[in-house]
Structure formats: structure tokens, C-alpha cells
Amino acid sequence: MARPDVTAFIALGANLGDAAQALRDALNALLGVPGVRLVQASGLYRTAPIDSSGPDYVNAVAQVATTLTAPALLDALQAIENAAGRERPYRNAPRTLDLDLLLYGDARIESVRLTVPHLRMWERAFVLMPLAEIAPELVPPAALQAVAGQGIEPLR
């Protein structure tokens with residue numbers, strides 16, 4: 001018997017190379033992951049680095065339906081990051097691609113590898129703005145107000 005689909009949300013970000021193209025490539029790579037179906041993706045947003053350095057980031061959020069477990073989905077996301085040349089020389093280093101599992105259905109997961117909901121998602125405009133674009137029911141107005149001072153702009 002097949003596992004039922006779970007709705008998951010993934011944050012995408014990059015600030016090295018052609019960051020916008022890296023996000024488009026990552027969305028295309030998600031299409032090729034068995035057990036993952038891309039439902040929708042937000043537009044792209046430009047944001048200044050937070051707790052980081054380097055050029056501005058390009059960010060987005062994708063909604064997927066998946067039959068994968070959360071750890072298996074994380075494995076798939078990390079494989080896409082690695083294929084994009086992701087390196088982790090130090091915490092919050094500039095990156096070619098960053099894929100974070102934000103939400104996995106209504107699951108609460110706390111393990112060494114994975115915490116869901118993502119610990120810092122409610123502190124980051126670059127997550128909340130694109131998430132609110134595709135799933136406004138998940139982002140309370142007060143949460144958007146709390147990050148209103150963070151520099152973020154839609155890319156057109």
C-alpha cells in the first residue's frame with residue numbers, strides 16, 4: 001500500500017553565482033525526485049544576508065506533495081544541494097544553494113539531523129514573505145509584521 005501524500009514546504013536560497021538560475025534549477029531537480037510532486041512555488045525575492053556575508057540572496061518557497069518520509073525528503077534536498085556545488089565551510093557561509101525543509105504536514109520533528117517546523121522560519125522575512133504568497137493561511141499577519149523591518153523585495 002502506498003504512503004499517502006504529505007504536504008511539505010521547502011525554502012530555497014542562494015547568493016553565489018547566478019542565484020536566480022540556481023533556484024530555478026533546484027525546482028526542476030525537485031521534479032525528478034521520485035515520490036515528490038511540485039505543487040507550486042513562490043516568486044523570487046532578493047534579500048540582504050542575515051547572520052551571513054556576501055552578495056544579496058535570492059529566495060523562494062516551494063510547496064510539494066510527497067510520499068517520502070521527512071528524513072528521506074531531507075536526503076533528496078541535500079543531494080540537490082550537493083549537485084549544485086553546495087559547500088559548508090562554516091555556519092551561514094555564502095552558498096550556491098540552500099534547501100531547508102520548513103514544514104512537513106503537521107509533524108513536529110526534533111532529531112539531530114532535522115527539526116520541523118524549521119527553528120528560525122518565524123524570524124525570517126525571506127521565508128515568511130514567499131510562504132505567505134503561496135500559503136497565506138499558514139502565515140499570521142502578526143508574523144509578517146514582526147519581520148517587516150527586514151530588507152526584502154520581489155524580483156520581477
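Look up: the structure comes first, before these words.
Read on for a plain summary of the structure. (Residues numbered from 1 in each chain as written. Predicted model: local features only at pLDDT ≥ 70, side-chain atom pairs only at ≥ 80, totals over all residues. Heavy atoms only, no water.)

## Here we look at the side chain of Asn-59
Mapping Asn-59 onto the fold places it in strand S4 (residues 57-66). For Asn-59, a relative accessible area of 4% gives the class buried. A polar side-chain atom of Asn-59 sits 2.7 Å from a polar atom in the side chain of Thr-47. Discounting residues that sit within four places of it in the chain, Asn-59 has contacts with Leu-12, Gly-13, Leu-23, Gly-43, Leu-44, Tyr-45, Thr-47 and Phe-126. (Helix = DSSP H or I, 4+ residues; strand = E, 2+ residues; numbered from the N terminus. Buried < 20%, exposed > 50% of the residue type's maximum accessible area, 1.4 Å probe, protein only. Polar contact = N/O pair within 3.5 Å; in protein donor to acceptor, adjacent residues only side chain to side chain. Contact = heavy atoms within 4.5 Å.)

## Examining the nonpolar core
Within the largest apolar cluster, 32 residues are counted, with the highest numbers of intra-cluster contacts made by Leu-12, Leu-23, Leu-30, Leu-73, Leu-99, Leu-101 and Tyr-104. Among the secondary structure elements, those contributing two or more residues to this core are strand S1 (6-14), helix H1 (19-31), S4, helix H2 (70-83) and strand S5 (98-104). At seven residues, the largest contribution of residues to this core is made by H1. Not counting the four nearest positions on each side in its chain, Leu-30 is found in contact with Ile-10, Val-36, Val-64, Leu-77 and Ile-80. (Core = buried A, V, L, I, M, F, W, Y, C linked by side-chain atoms within 4.5 Å.)

## What about helix H3 (residues 125-134)?
Most of H3 is tucked away, with eight of its ten residues classed as buried. Residues Ala-125, Phe-126, Val-127, Leu-128, Pro-130, Leu-131, Ala-132 and Ile-134 constitute the buried set of H3.

## Regarding the pattern of salt bridges
What the rule picks out here adds up to two salt bridges. Notably, a salt bridge pairs Arg-37 with Asp-5, separated by 3.5 Å at the nearest N-O pair. With a gap of 32 residues between them, Arg-37 in strand S2 (residues 36-41) and Asp-5 in the segment before S1 connect regions that are remote in the sequence. On the accessibility criterion, Arg-37 (48% relative accessible area) is partly exposed. Between Asp-75 and Arg-113 there is a salt bridge, with its nearest N and O atoms 2.7 Å apart. Taken together, the positions of Asp-75 in helix H2 and Arg-113 in the loop between strand S6 (109-110) and strand S7 (115-116) put the pair 38 residues apart, joining distant regions of the chain. Using a relative accessible area of 41% as the deciding quantity, one classes Asp-75 as partly exposed. (Salt bridge = Lys/Arg side-chain N within 4 Å of Asp/Glu carboxyl O.)

## Brief notes about the side chain of Thr-47
Positionally, Thr-47 belongs in strand S3 (residues 45-47). In this structure Thr-47 touches Asp-56, Tyr-57, Asn-59, Phe-126, Gly-151 and Ile-152, once residues within four positions along its chain are discounted.

## A closer look at H1
Over its 13 residues, H1 extends 19 Å from the first C-alpha to the last, a length consistent with the 18 Å expected when each residue adds 1.5 Å. Considered for burial, the residues of H1 that qualify are Ala-19, Ala-20, Ala-22, Leu-23, Ala-26, Leu-27 and Leu-30. One face of H1 carries all of its buried residues, which in axial projection span an arc of 160°. Tucked inside the fold, the buried residues of H1 contact S1, S2, S4, H2 and S5. (Expected span 1.5 Å × (residues − 1). Arc of directions from axis to C-beta.)

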